[in-house]
Every structure is written in C-alpha cells, then in structure tokens.
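Residues per chain, in single letters:
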Amino acid sequence: MQFSQAEINSPATRAETVNSLTTGFLVSCWKAFASTNQQVVMDKYEVKYNIDLWTNNSRWDYVGTKSTDDYYQDQYQRYWDASAFPYRFYAISPCPAATDIDNFTLTDTKLEIPTAATYVCQTCNNGVLTTGAEPYMPAQVECPDGSNNNDVDLLNSNAIINKDHTQNGATTTYERYVALPFHHLTSKVRFAIYSSNGATFKLSNIKIKAQRTDGFITSANGYTADLTTTDMLSGQFTKTTAENTGCMLLIDEGFDNAASFDKSEPYWFQCKDGMLQIPQQDVKLSISFDINNTPHSDIPIAVKNGENTIDSFTWESNKIYTYLINISDINPLAIEFSAELAPWIEVYGSIETNLEQ
C-alpha cells in the first residue's frame, strides 16, 4: 500500500495558510471489515509528506521507525489482500503532532479528537476574518468488494468517481486506487446584500448577530463520534462555550452609493468564501444597518418557505449557508430574505493515484 496526492485544480480555502495535505495525515485501515475475520492493517499510521531537496523529489511515506525516522511509532510496509474485502479506511487531516497522536482515538468503533484541539466561531470585522480555526477534517471510505465496484465515501453515501465520471477503481482486484475525500467537521456561513428596486443609497454600519435560546456556541475543545451507530460527521463537539447575549458574527462599515444588481452579483458580499462556524441548531440571526444615515436595528432574518416562515436555522457539518438579503424598497423599508444551502466542496481533483505511471 502506498499513498499519493490527487491533482489539485483550485486553491484551498481552509483557515490555515498552508496546504493541509503537505502536513500529512493519520490513517487506520481494516480488511474483512465487520466480519469474523476482521483484522487491523494500519493502526493510526502517520503518513508523512517527505521532500528530498537533494533529488528535488517528494513522496508520501509511512514506513519507518520511531528511533531512526522520527515516526511516533514503528510502522511497516503493508500489502493489499485481494481476498479480504471489504476494506475500510478512516483518516484525519492534518496529522496531529507526534507527541499528541496517542491522545487521538481512530478505531472501528470510535473517533475521538482530544480537548487540545480548539474549534472557534469565526467572525468578520471590517473585512478581516478573525479567530478562525478548523483543526481537523475526517475521511471514511470503504472498498465494498472485489468485483471492481466503486469505493464508497461513507460520509456522503456516494460512490467515488473520477472527475471525468469514470469509475474509481482498476481492472483487477489486485490493483486498486482508493480515494480518501476529506470532509469538514465545521460549517460555513456567508451573507450577501443586494437591491432589486434600482435605487442608489448609502449603506453603512452593518452588523449581523447570532443567538440561540441556550447560548450560541462560540468555541469547543475536542470532538467525539460513536462509529458503531453513526459516521464521523455526526458526532459531538465537546467542552463547548456559549454566549448567551448573542455573538456578533459580522461588523462592516458598508459602502456609499450602492448600485443595484441581481442576486447573482450582489453589490455587497462580505466573506465570499464564508466564515467557519461550529455546527448547531436553532440559530436566530438579526441584521442592523444604516440606510442614508437612518439606523435600522436588529431586524430578524426570517426566510419564507412556501406558506411557512423559518426564523431559526440549523448549521450542519460540511455545508455552506448563504443568506441573501434583498432591500426591495427604501421608503418604507422592505427587506426580503432567502437562503441557499450547498455542500462545502472546495477542491476538485483527479482521483487517479496510479503510482506506477
């Protein structure tokens, strides 16, 4: 078994400033999964991205010892057993520090990220993203059998296919290319304001606040998921901190003489890539702003859904939520709210991982 990196066709937009894949990842693997013959193939193996400056080459590797190669444990070359389907892979990216790996649990029954890992609500103040953190992303993949079927991404229940819509696999069971798509434990939220009435006006002092009845969760330390009953994205953040008076997600000065555009090109779209948020339920949002120096404070953001009005929202892992705010009239003020939900997909790449080419 070897590892390589898929081709990346778009820049990563994680909270970190470095490409997370070059920091390595932690992987556990089983063969004959969920059978009486289940065996561990890799038990929290540290996969490193090594660069040889002398030959100007780089490679992913996991083979080495603690004493001579700086791995946190002795790790050995593993081989594919074509008679022992299904294979199950669990992984965490980026790889924790070697001194901290023992505090992680990555088994067939449990994912546990220790309290040393901090997740925080990300805010936007005058266009500057602050206090953002998304320490880890998980992957959970199964190769179901040896009949050359697609591998299954267990976090979205979909078969994994190449970008050209061909099957992710190989011609024989002895030659398999297994993709590990990493998913986000956190969610993203962003806000867009536009006008459909053709007016030009000054928009300033924009503020968006989030609240929950039992406190808006602003930070958490650690994460756990019971993998016997659910998947890695359906666990619980631990040691959470809540703000009962409401959290200010966004503060911005706004713009003068805003022109009118349709919603596909709003004249004000703060945090276009979205702000990282801890997933939670029953979030209530409100917006305050000044139009032509006239203040409008704490207007509830409520979305029409047919005959119903939704005024509280659930933010789930690996999703991005876009709230569209249409100022349809100024005198008197009329605002229409709508929301869009999409999977949070940032990096598209070829899943081809044939190391022999």
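The notes below deal with the structure included here. The structure displayed is predicted, hence computed values, not measured ones. (Residues numbered from 1 in each chain as written. Predicted model: local features only at pLDDT ≥ 70, side-chain atom pairs only at ≥ 80, totals over all residues. Heavy atoms only, no water.)

**Structural notes on the packing of aromatic side chains**
Threshold: Between rings of Phe, Tyr and Trp, where Trp is taken as its six-membered ring, a pair exists when centres lie within 6.5 Å; planes separated by under 30 degrees are stacked, by over 60 edge-to-face, and by other angles tilted. Helix and strand assignments follow DSSP, with helices taken as H or I runs no shorter than four residues and strands as E runs no shorter than two, numbered in order from the N terminus. Using a 1.4 Å probe on the protein chains alone, a residue whose accessible area is under 20% of its type maximum counts as buried, one over 50% counts as exposed, and one in between counts as partly exposed.
What the rule picks out here adds up to 18 aromatic pairs. Judged by centre distance (5.4 Å) and plane angle (80°), the rings of F3 and F25 are edge-to-face. Remark: F25 occurs in strand β1 (residues 25–31) and F3 occurs in the segment before β1; sequence separation between them is 22 residues. In this structure, F3 and F25 share a single accessibility class: buried. With 5.8 Å between their ring centres and 85° between their planes, F3 and Y62 make a pair best called edge-to-face. Note that F3 is positioned in the segment before β1 and Y62 in the loop between β3 (57–61) and β4 (87–93), a separation of 59 residues in sequence. For Y62, a relative accessible area of 2% gives the class buried.

**Some details on the sheet that holds strand β11 (residues 158–159)**
Which entries qualify depends on this criterion: Paired strands, as defined in this entry, are two strands with at least two bridges between them according to DSSP.
Strand order in the open sheet formed by seven strands is β3-β2-β1-β4-β9-β10-β11, with antiparallel pairing between adjacent strands. Bordering the open sheet on either side are β3 and β11, each of which pairs with just one other strand. Bridge count between strand β10 (residues 152–153) and β11: two bridges; the pairing is antiparallel. Paired with V152 across the two strands is A159, which belongs to β11.

**A closer look at unusual backbone geometry**
Across the junction of S93 and P94, the peptide omega takes the value -5°, indicating a cis bond. Within the secondary structure, P94 is located in the loop between β4 and β5 (105–106). In the segment running from N331 into P332, the intervening peptide bond is cis, with an omega of 0°. For K44, which is not glycine, the phi dihedral falls at a positive 50°. A positive phi angle, close to 55°, is found at C271, a residue other than glycine. If you trace the backbone, C271 turns up in strand β18 (residues 268–277).

**Some details on the environment of A91**
Convention followed: Contacts were defined at the residue level, with two residues in contact if any of their heavy atoms lie within 4.5 Å.
Along the chain, A91 turns up in strand β4. Taking C-alpha positions, A91 is 4.2 Å from V27, a pair spaced 64 residues apart along the chain. Apart from the residues lying within four places of it in its own chain, the contact partners of A91 are F25, L26, V27, L106, M137, P138, A139, L180, F182 and M232.

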